[in-house]
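Summary of structural features
Take a look at the letters that make up each chain.
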Amino acid sequence: MVITFEQLQAFLEEQFPQGAAYGSLEALGDGWAEMKLEVDEEHLRPGGTVSGPAMMGLADVTMYAALLSRIGLVPLAVTTNLNINFLRKPVAHAPIRARASLLKVGRTMGVGEVSVYSEGVEEPVAHSTMTYSIPPEKYRN
């Protein structure tokens, strides 16, 4: 792992403050991250379930955190593909948690997967795969 939990948390607060709307960093390791979103009324859709965009946002920011744990604080690493499967209805007013794991990181691309859970429920409510573009060294920081 090339950065610490504290370094990433400070980076996200400074460089990506809007990311807090998608969840808060809970844990970080080499090539993985965990985040939590406190679900409230703004995250619900008609029918009393957590909206797809809320789960996708949490998954995306969690993958970003996992990638940065491996490549360092690279602001211009960006999502180039996101696929998500909604597996079951999340608990409407329970927090949702995401765990991202990197599958492969190369010079220009990172690929990983994210599982999203309703807090207290063992089975995932969504599963996502993502690809991130990693900018060349000359465009970093």
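Structure's up top.
Residues numbered from 1 in each chain as written. Predicted model: local features only at pLDDT ≥ 70, side-chain atom pairs only at ≥ 80, totals over all residues. Heavy atoms only, no water.

**Concerning helix 1 (residues 5–15)**
Selection rule: Note on classification: 1.4 Å probe, protein chains only; a residue is buried when its accessible area is under 20% of the maximum for its type, exposed when over 50%, partly exposed between these limits. Segments assigned H or I by DSSP are reported as helices when at least four residues long, segments assigned E as strands when at least two residues long, and all are numbered from the N terminus. An arc is given here, and it is the one of the directions from the helix axis to the C-beta atoms. Contacts: residue pairs with any heavy atoms within 4.5 Å of one another.
Those residues of helix 1 that sit buried are L8, F11 and L12. Buried residues of helix 1 fall within an arc of 95° about the axis and therefore sit on the same side. Of the residues in helix 1, the exposed ones pointing more than 90 degrees away from the buried face are E6, E13 and E14. For helix 1, the secondary structure elements touched by its buried residues are strand 1 (24–29) and helix 2 (52–71).

**What to know about the nonpolar core**
To keep it simple, the criterion reads: Grouping buried Ala, Val, Leu, Ile, Met, Phe, Trp, Tyr and Cys residues that are joined through side-chain atoms within 4.5 Å yields what is termed a nonpolar core.
Ranked by size, the top nonpolar core spans 39 residues in total, and within it L8, L68, I96, V114 and V116 carry the most contacts. Among the elements of the structure, helix 1, strand 1, strand 2 (32–37), helix 2, strand 6 (96–105), strand 7 (109–118) and strand 8 (126–133) are those that each provide at least two residues to this core. Sequence-distant contacts of L68, defined by excluding residues within four places in its chain, comprise V2, I3, L8, F11 and V74.

**Here we look at helix 2**
Counted only if it meets this: A helix is expected to reach a length of 1.5 Å times the quantity of its residues less one. Nitrogen and oxygen atoms within 3.5 Å of one another constitute a polar contact, given that in protein one can donate a hydrogen and the other can accept it, and given that sequence-neighbouring residues count only through two side-chain atoms.
For helix 2, built from 20 residues, the straight-helix expectation of 28 Å at 1.5 Å per residue is met to within 8% by its first-to-last C-alpha distance of 28 Å. Most of helix 2 sits out of view: 16 of its 20 residues are buried. The N-cap of helix 2, judged by a side-chain oxygen 3.2 Å from the amide nitrogen of A54 a few residues on, is S51. G72 sits one or two positions beyond helix 2 and adopts a positive phi of about 95°.

Nothing here speaks to function; it is geometry throughout.
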